[in-house]
Amino acid sequence: MKAFEVSLKKLGLEYLDLLLLHQQVGDYMGAWKDCEKAVAQGKVKSIGLSNFESGRLEEVCEAAVIKPAVLQVECHPYFQQNELKKRLAPYGTVIEAWYPIGHGDADLIGEPVFTELAQKYGKTNVQVILRWHIQEGTVIFPKSTNPQHIRDNFDIFDFELTGEEMERIRAVDKNVRFFTTPLEQQEAQFTAWAPED
């Protein structure tokens, strides 16, 4: 709760729309209970998880009074997280895609299906990928500091992929991650880290 209060103060806000518990290390169960307290106090509207892909996901979800609204994990056409989506379904939790365009991987973005559909709809390959995510029910927040890319990332609501096109994109899944740090290494890194304040 102390860290959350510090964050609110730094942001100059009275509440947050979404608060994510970022790592499945340390006292993550106690931290989840604090997230629920923040909701009860009106300081947060929704809470979710990030990087919980081990059995700790079900541990939190089963104990949660408030089920996670989202789970932020790596998700893109090369790593579609279909099994994880099935695990989340009983809780009503949706995937929030981290690396939604595969960390900008040129092979992924250049897949022939995206080039073909981009030409058909008058869009970019990235816009087709982002539209696919939306139609899959995935929350996206593609990172960019380029003003034109930011505008392009929003310009995906004036077309819709067909069912057959969605299936063609699903077929490019290679079960390939770009972030490959094992849980044990994540635990070591995050338990050694401490905030400056």
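Rules and cut-offs
- Residues numbered from 1 in each chain as written.
- Predicted model: local features only at pLDDT ≥ 70, side-chain atom pairs only at ≥ 80, totals over all residues.
- Heavy atoms only, no water.
- Helix = DSSP H or I, 4+ residues; strand = E, 2+ residues; numbered from the N terminus.
- Buried < 20%, exposed > 50% of the residue type's maximum accessible area, 1.4 Å probe, protein only.
- Axes fitted to C-alpha atoms, helices over the stretch in contact; angles between N-to-C directions.
- Parallel < 35°, antiparallel > 145°, perpendicular 65-115°, else oblique.
- Contact = heavy atoms within 4.5 Å.
- Nonpolar A, V, L, I, M, F, W, Y, C, P; charged D, E, K, R; others polar.
- Pairing = 2+ DSSP bridges.

A.B. asks: I would appreciate a short explanation of the environment of Leu108 in the present structure.
C.D. replies: Among the secondary structure elements, Leu108 is positioned in helix H5 (residues 106-109). For Leu108, a relative accessible area of 0% puts it in the buried group. Spatially, the C-alpha atom of Leu108 lies 21 Å from that of Phe159, the residues being 51 residues apart in sequence.

A.B. asks: Is there a simple way to explain the packing of helix H6 (residues 112-121) against helix H7 (residues 125-136) in this structure?
C.D. replies: Between two packed helices, what matters for the description is the angle formed by their axes and the separation of those axes. It is at 8 Å that the axes of H6 and H7 come closest, and there the two elements cross at 100°. As judged from the angle between their axes, H6 and H7 are roughly perpendicular. Between H6, through Phe114, Thr115, Leu117 and Ala118, and H7, the contact on the second element is made entirely by Asn125, Val128 and Ile129. For the contact of H6 with H7, the class distribution of residues is 5 nonpolar, 2 polar and no charged.

A.B. asks: Help me out: how do you make sense of unusual backbone geometry in this one?
C.D. replies: Most peptide bonds are trans, and most residues other than glycine sit at a negative phi. Non-glycine residue His103 carries a positive phi angle of around 60°. Looking at where His103 falls in the secondary structure, it is placed in the loop between strand E4 (94-98) and H5. According to the relative accessible area criterion, His103 is exposed, its value standing at 53%. The phi torsion at Asn175 lies on the positive side, around 55°, for a residue other than glycine. Relative to the assigned elements, Asn175 resides in the loop between helix H9 (163-170) and helix H10 (183-192). Take Asn175: its relative accessible area is 61%, and that puts it in the exposed class.

A.B. asks: What am I meant to see in the sheet that holds strand E5 (residues 139-140) here?
C.D. replies: Backbone-to-backbone hydrogen bonds pair the strands of a sheet. The strands run either parallel or antiparallel. Reading across from one edge, E1-E2-E3-E4-E5 is the order of the 5 strands in this open sheet, with parallel pairing throughout. Of all the strands in the sheet, the pair left with one neighbour each is strand E1 (16-21) and E5. In this sheet, strand E3 (residues 70-74) lies alongside strand E2 (residues 44-50) in parallel orientation, the contact comprising 2 bridges. When the bridges of E3 are listed, Leu49 appears paired with Leu71.

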